[in-house]
Amino acid sequence: MSSQRRTPQGGKPHRGGRPTTAKGGAGKVGGSKPGAGKGSRAAKPAKRMPDAVAPEDLTPRTFRLGIIPGATPGRWIDAWKQRMPHVEIELVPISAQEQVHALRELDAAIVRLPVERSGPSSSEAPVGPEPLTDEFHVIRLYDETPVVVTSADSHLMAADELTAADLDGEVLITPLDDVLGPLGPSTTPPNFAPLATTADAVATVASGVGILVVPMSLARAHHRKDADHRPLVDGPLSPVALAWRRDRTTPDVDTFVGIVRGRTANSSR
């Protein structure tokens, strides 16, 4: 018998009888994943590119903000000047009784919302804040506590705070620019025509005639040495809000809304 070993077809002689693969064959026995040969790597998912940010409009312009009497937007104005130095902010005084008309000519306004109560039926009686219509966006900011304003030496000033029962029989002066409405039957109306403004009413009660009930900010705005005020704990609150036209929601309006809501310059909306 010949001692020469047989050579497998397509291959070289080998030891131990293990089959060999022809040069250029399919690699390991059992096959491999396509594309997973020596030196290959799994494909990485493509990185998502960040959305492009629109450049800020640095065109010089003016943002017109309406302000009702008593509003104190100081901290918001300071934040605006720091964040938007290229946009001047103009503060436009408006009355609560004509705030809807004023809003149509402004970028935005700090307004008073009506108190939910019925007012006097007389055409000469105060009507309170003008109600806003659906054409405006409204963000309620805070509710103001009402206070009783009277002469500094009035017996009512002996208490730290008052209730409606403490005002029984008191002469209540309600000016034409009133924003709270009537307090109820416990008070007595004056025997003279309604005064035109809150300033006139404060001057009258400071002289010792009657009392006046207004939001605290108005009492502070019309402060006098001969008048003082106390909180009316069960009186009607006066809601204060930021409002603007729905069809004028500009980038500047969005910026001011963000400032009012406490967003920083880097906050997302």
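Residues numbered from 1 in each chain as written. Predicted model: local features only at pLDDT ≥ 70, side-chain atom pairs only at ≥ 80, totals over all residues. Heavy atoms only, no water.

**Details of the overall build of the protein chain**
Here comes step 1: A count of helices and strands for the protein chain gives five helices and eight strands.
Here comes step 2: Sequence-ordered secondary structure for the protein chain, helices as α and strands as β, is β-α-β-α-β-β-β-α-β-α-β-β-α.
Here comes step 3: Here the protein chain holds 269 residues, and the buried ones make up 35% of them.
Here comes step 4: The long-range share in the protein chain, meaning contacts at least 24 apart out of those at least 6 apart in sequence, stands at 74%.
Here comes step 5: Split by element, the accessible area of the protein chain, about 17500 Å² in all, is 52% carbon and sulfur. (Helix = DSSP H or I, 4+ residues; strand = E, 2+ residues; numbered from the N terminus. Buried < 20%, exposed > 50% of the residue type's maximum accessible area, 1.4 Å probe, protein only. Contact = heavy atoms within 4.5 Å. Areas by Shrake-Rupley, 256 points an atom, 1.4 Å probe, with all protein chains shown as cover.)

**Here's the deal with the environment of proline 189**
Here comes step 1: With respect to the helices and strands, proline 189 occurs in the loop between β5 (146–151) and α3 (198–206).
Here comes step 2: Between the C-alpha atom of proline 189 and that of isoleucine 173, which follows or precedes it by 16 residues, the distance is 6.7 Å.
Here comes step 3: Other than its neighbours up to four places away in sequence, proline 189 contacts Val171 and Leu172.

**Observations concerning the side chain of serine 238**
Here comes step 1: In this fold, serine 238 is placed in strand β8 (residues 238–245).
Here comes step 2: One polar contact links serine 238 to arginine 112, side chain to side chain, over a distance of 2.8 Å.
Here comes step 3: In contact with serine 238, not counting residues within four places along its chain, are Arg112, Tyr142, Asp143, Glu144, Val179, Leu180 and Pro215. (Polar contact = N/O pair within 3.5 Å; in protein donor to acceptor, adjacent residues only side chain to side chain.)

**Remarks on empty space enclosed by the protein**
Here comes step 1: This structure, assessed with the given rule, holds two cavities of 30 Å³ or more.
Here comes step 2: Size it by volume and the largest cavity reaches roughly 60 Å³.
Here comes step 3: It is strand β7 (residues 227–231) that provides the largest number of residues to the lining of the largest cavity, a total of three residues.
Here comes step 4: Looking at side-chain class alone, the lining of the largest cavity contains four nonpolar, three polar and two charged residues.
Here comes step 5: Taken together, Leu172, Ile173, Thr174, Pro175, Asp178, Leu180, Gly181, Leu183, Leu212 and Val213 form the lining of the second largest cavity. (1 Å grid on protein atoms, 1.4 Å probe; cavity = no way out; pocket = protein on both sides within 12 Å on 5 of 7 lines; lining within 4 Å. Points joined across faces, edges and corners; volume = space filled by probe spheres on them. Nonpolar A, V, L, I, M, F, W, Y, C, P; charged D, E, K, R; others polar.)

**Quick word on the sheet that holds strand β4 (residues 136–144)**
Here comes step 1: Taken in spatial order, the five strands make up an open sheet running β2-β1-β3-β8-β4, and their pairing is mixed. Across the chains shown, the open sheet's two edge strands, defined by having one partner strand only, are β2 (87–93) and β4. The mean inter-strand angle of the sheet, taken between neighbouring strand axes irrespective of direction, is 20°.
Here comes step 2: Helix-sheet contacts for helix α1 (residues 74–83) involve β1 (61–67), β2, β3 (108–112) and β4, and the interaxial angle to β2 is about 155°. (Pairing = 2+ DSSP bridges. Axes fitted to C-alpha atoms, helices over the stretch in contact; angles between N-to-C directions.)

**What to know about the packing of α1 against helix α5 (residues 251–260)**
Helix packing for two helices is described by the angle between their axes and how far apart those axes are.
Here comes step 1: Between α1 and α5, whose axes approach to 10 Å, the crossing angle comes to 130°. Taken together, α1 and α5 sit at an angle that is classed as oblique. Considering how the two elements wind past one another, α1 and α5 form a crossing that is right-handed. The segment α1 lies against α5, with Trp76, Ala79, Trp80 and Arg83 engaging Asp252, Thr255, Phe256, Ile259 and Val260. (Parallel < 35°, antiparallel > 145°, perpendicular 65-115°, else oblique. Left-handed = near helix turned anticlockwise from the far one by under 90°.)

**Points about the pattern of salt bridges**
Here comes step 1: Summed over all chains, the structure comprises eight salt bridges.
Here comes step 2: Residues aspartate 143 and arginine 140 are paired through a salt bridge, measuring 2.9 Å at the closest nitrogen-oxygen approach.
Here comes step 3: Using a relative accessible area of 52% as the deciding quantity, one classes arginine 140 as exposed.
Here comes step 4: The salt bridge involving arginine 224 is made with aspartate 226; its shortest N-O contact spans 2.9 Å. (Salt bridge = Lys/Arg side-chain N within 4 Å of Asp/Glu carboxyl O.)

**Some words on the confidence of the model for the protein chain**
Regions with low pLDDT carry predicted coordinates that are not meant to be interpreted in detail.
Here comes step 1: Averaged over every residue, the pLDDT of the protein chain is 82; residues scoring 70 or more account for 72%.
Here comes step 2: Segment residues 19–33 is flagged for pLDDT under 50; beyond a separation of four residues in sequence, or across chains, it makes six contacts in the model.
Here comes step 3: Considering only residues more than four positions removed or in separate chains, one finds that residues 117–125, a stretch of pLDDT under 50, has twelve contacts. (pLDDT = per-residue confidence, 0-100.)

**Focus: the sheet that holds β7**
Here comes step 1: Strands sit in the order β6-β5-β7 across an open sheet of three strands; the sheet is antiparallel. Strand pairing shows two members of the sheet lacking a second neighbour, β6 (212–215) and β7, which therefore form its edges. Neighbour to neighbour, the strand axes of the sheet diverge by 35° on average, direction disregarded.
Here comes step 2: Relative to β6, β5 is paired through four bridges, and the arrangement is antiparallel. Its bridge partner being in β6, proline 146 is matched across the sheet by proline 215.

**Quick look at the packing of aromatic side chains**
Here comes step 1: Summed over the entire model, instances satisfying the criterion amount to three aromatic pairs.
Here comes step 2: Through a chain of ring-to-ring contacts, the aromatic side chains of Phe63, Trp80 and Phe256 assemble into a single cluster. (Phe/Tyr/Trp six-rings, centres within 6.5 Å; stacked < 30°, edge-to-face > 60°.)

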